[in-house]
Each structure stands twice: as C-alpha cells, then as structure tokens.
Amino acid sequence: MKKTLYCLMAVLAVCFSFVSCDDDDFNVNHGTHAQLPETVLAGTYSGTYTVFKADGVTVEKTVPGTITIAAGENKYTATFVSVSEEAVVNGAEQNPIDVAWANDEIKFWGKTTPGTTAGFLNSAVLNGTLSNGALTFRFSKTVRSGRKTVTNFYNFEGTK
C-alpha cells in the first residue's frame, strides 16, 4: 500500500511540474482592435512642449517639438525620438517604449532608467496617450544647472 501511494505521489509530482499558468504563455489579449497599437501610434507628431519648473505647476516656457514614433521589433513596443529647440528633450528613449490599447485610446510608457547617456532622452516616468488623433505625454528629467541638479517636468501635446 505504501509503495503504491509513494508511486502515485511521484507521478503526480512529475505531472504538476509540467503544468503552466495562463499568464505565462504570452498570448495576452490586448483588445479586440483590428490593428496593433504600435502601427496606429507610429508617425511624426508636431506640437509644443510645456516646460514646468520643479514644483510641477509653474510654467517656465513653451517650445515647439516633433516626436517620431515607429513600431518596435517586438509586438506592443515602439521606438521614440524627440526633436526640439529645448536641448534637454532632444534624443531617443534608450529602450523601446511599451504600447497597449486602453478602450479606444492607445497608452504608452517608457522603460528607460534616468541617466545622462549622450544622445538619449533618458527620461523618468515617460507616459502618454493617443486619443482622437492627439498625442499627449509627460515625463520628468533631472539635469545639472551649474552646481545644482534641477528636475523639470515636460508635457507634450501634438498631432500628426
């Protein structure tokens, strides 16, 4: 009896070691939309950056800017490049941004760790939305200003 029970437990242990969960098979349902969100999001957007001081409320200035977004190598990712008169916001996100449908809007967010790599945007908490053809996003960036470091907040609003 003990031998049969031991064998049964061994067989069950082997069987359960090959069972997987739904959330790790990478067939995630990203909505019922006909197109992938990164292909809808892709394009060049012209608009303006509003630069806020460290308090996040006081407007320091507004500057024109252009954002170019292209579908990434993997599904639900995209590349992100910013060009503006404001030198701080010139550059690309070092890593691809994530993209997903949220009802009839497209949400995107960056994965870049803030830093100072030359030629890269290296923003903190980049996140945005494409809704009714209007692209809006915000991020913060800490830069050196003389002997101090200053964190500014940037909001972009633009259209294709």
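What counts and how
For every chain, the first residue of its written sequence is number 1, and the numbers climb from 1 along that sequence. Totals for whole chains, interfaces and linings use all residues, but because this is a predicted model, local features are given only for residues with pLDDT of at least 70 and pairs of side-chain atoms are given and counted only at 80 or more. As a rule here, side-chain values come from all non-hydrogen atoms in the structure, and water together with hydrogens is ignored. Only runs of H or I of at least four residues qualify as helices and only runs of E of at least two qualify as strands under DSSP, and these elements are numbered from the N terminus. The buried label applies to any residue whose accessible area, calculated with a 1.4 Å probe on protein chains only, is under 20% of its type's maximum; exposed applies above 50%, and partly exposed to all values in between. For every residue, the predictor assigns a confidence score, pLDDT, that lies between 0 and 100. What makes a nonpolar core is a set of buried Ala, Val, Leu, Ile, Met, Phe, Trp, Tyr and Cys residues whose side-chain atoms join them at distances within 4.5 Å. Here a residue-residue contact requires only that any non-hydrogen atoms of the pair lie within 4.5 Å. Stacked, tilted and edge-to-face are the three classes assigned to paired rings of Phe, Tyr and Trp, where Trp is represented by its six-membered ring and a pair needs centres within 6.5 Å; plane angles under 30 degrees give stacked, over 60 edge-to-face, the rest tilted. Take a side-chain nitrogen of Lys or Arg and a carboxyl oxygen of Asp or Glu: if they are within 4 Å of each other, that pair is a salt bridge. Note on pairing: DSSP must find at least two bridges between two strands before they are called paired. N or O atoms within 3.5 Å of each other form a polar contact, as long as, within protein, one can give a hydrogen and the other can take it, and as long as residues adjacent in sequence are counted only when both atoms are side-chain atoms.

Enquirer: I keep staring at unusual backbone geometry and nothing clicks. Help me out?
Expert: With the exception of glycine, most residues fall at negative phi, and the peptide bonds are largely trans. In this model, Asn103 sits at a positive phi of 60 degrees, which is unusual for a non-glycine residue. Secondary-structure assignment places Asn103 in the loop between β5 (97-102) and β6 (105-109). One non-glycine residue, Asn132, lies in the positive phi region at around 55 degrees. Secondary-structure assignment places Asn132 in the loop between β7 (124-131) and β8 (134-145). On the accessibility criterion, Asn132 (81% relative accessible area) is exposed.

Enquirer: Got a minute to help me understand the confidence of the model for the protein chain in this structure?
Expert: Note: predicted coordinates in regions of low pLDDT should not be interpreted at a detailed level. Overall, the predicted model of the protein chain reaches an average pLDDT of 77, with 71% of residues at or above 70. Mean pLDDT across the secondary structure elements of the protein chain bottoms out at helix α1 (residues 2-16), with 66, and peaks at strand β1 (residues 43-52), with 91.

Enquirer: Even after reading the chapter, I still don't get the nonpolar core, so can you show me in this structure?
Expert: As a rule of thumb, nonpolar side chains are buried together in soluble globular proteins. By size, the foremost hydrophobic cluster in this structure holds 22 residues, and its most contacted members are Leu41, Tyr49, Ile67, Leu135 and Phe137. For this core, the secondary-structure elements that each account for two or more residues are β1, β2 (59-71), β3 (77-84), β5, β6, β7, β8 and β9 (148-159). Setting aside residues up to four positions removed in sequence, Leu135 forms contacts with Leu41, Tyr45, Ile67, Ile69, Phe108, Thr129, Leu130, Phe156, Glu157 and Gly158.

Enquirer: Sorry if this is basic, but what is going on with the environment of Asp104 here?
Expert: Among the structural elements, Asp104 can be located in the loop between β5 and β6. According to the relative accessible area criterion, Asp104 is exposed, its value standing at 66%. Linking Asp104 and His33, residues 71 residues apart in sequence, is a C-alpha distance of 8.7 Å.

Enquirer: Sorry if this is basic, but what is going on with the packing of aromatic side chains here?
Expert: What characterises a pair of aromatic rings is the spacing of the ring centres plus the angle enclosed by the ring planes. This model, assessed by the stated rule, comprises nine aromatic pairs. When the centroid spacing of 6.4 Å and the interplanar angle of 85 degrees are considered together, the rings of Tyr49 and Phe139 count as edge-to-face. Of the two residues, Tyr49 is situated in strand β1 and Phe139 in strand β8; the sequence distance between them amounts to 90 residues. On the basis of relative accessible area, Tyr49 is assigned to the buried category, the value being 0%. Consider the rings of Phe137 and Phe139, whose centres lie 6.0 Å apart with planes at 15 degrees: the pair is stacked.

Enquirer: I keep staring at the pattern of salt bridges and nothing clicks. Help me out?
Expert: Oppositely charged side chains are able to pair whenever their charged atoms sit close together. For the structure on display, the rule yields one salt bridge. The closest approach of N and O atoms between Glu105 and Lys107, which form a salt bridge, is 3.4 Å. Of the residues examined, Glu105 reaches a relative accessible area of 27% and is grouped as partly exposed.

Enquirer: Whenever I open this one, the pairing of β1 confuses me. Can you help?
Expert: Regular strands place their side chains on alternate faces of the sheet. Most of β1 sits inside the fold, with seven of its 10 residues counted as buried. The sheet contact formed by β1 and β9 spans seven bridges and is antiparallel. Pairing of Phe52 across the sheet is with Phe153, part of β9.

Enquirer: How should the side chain of Thr129 be read in this particular structure?
Expert: In this fold, Thr129 is placed in strand β7. Judged by relative accessible area, Thr129 falls into the buried class, the value being 15%. Polar side-chain contacts of Thr129 include one of 3.3 Å to the side chain of Lys107. What Thr129 contacts, discounting residues up to four positions off in sequence, is Glu105, Ile106, Lys107, Phe108, Ala134, Leu135 and Thr136.

Enquirer: How should the environment of Thr136 be read in this particular structure?
Expert: Tracing the sequence through the fold places Thr136 in strand β8. Thr136 gets classed as partly exposed once you look at its relative accessible area, which sits at 34%. For the pair formed by Thr136 and Tyr45, sequence separation is 91 residues and the distance between their alpha carbons is 10.0 Å. When sequence neighbours within four positions are dropped, the list of residues in contact with Thr136 reads Phe108, Gly128, Thr129, Phe156 and Glu157.

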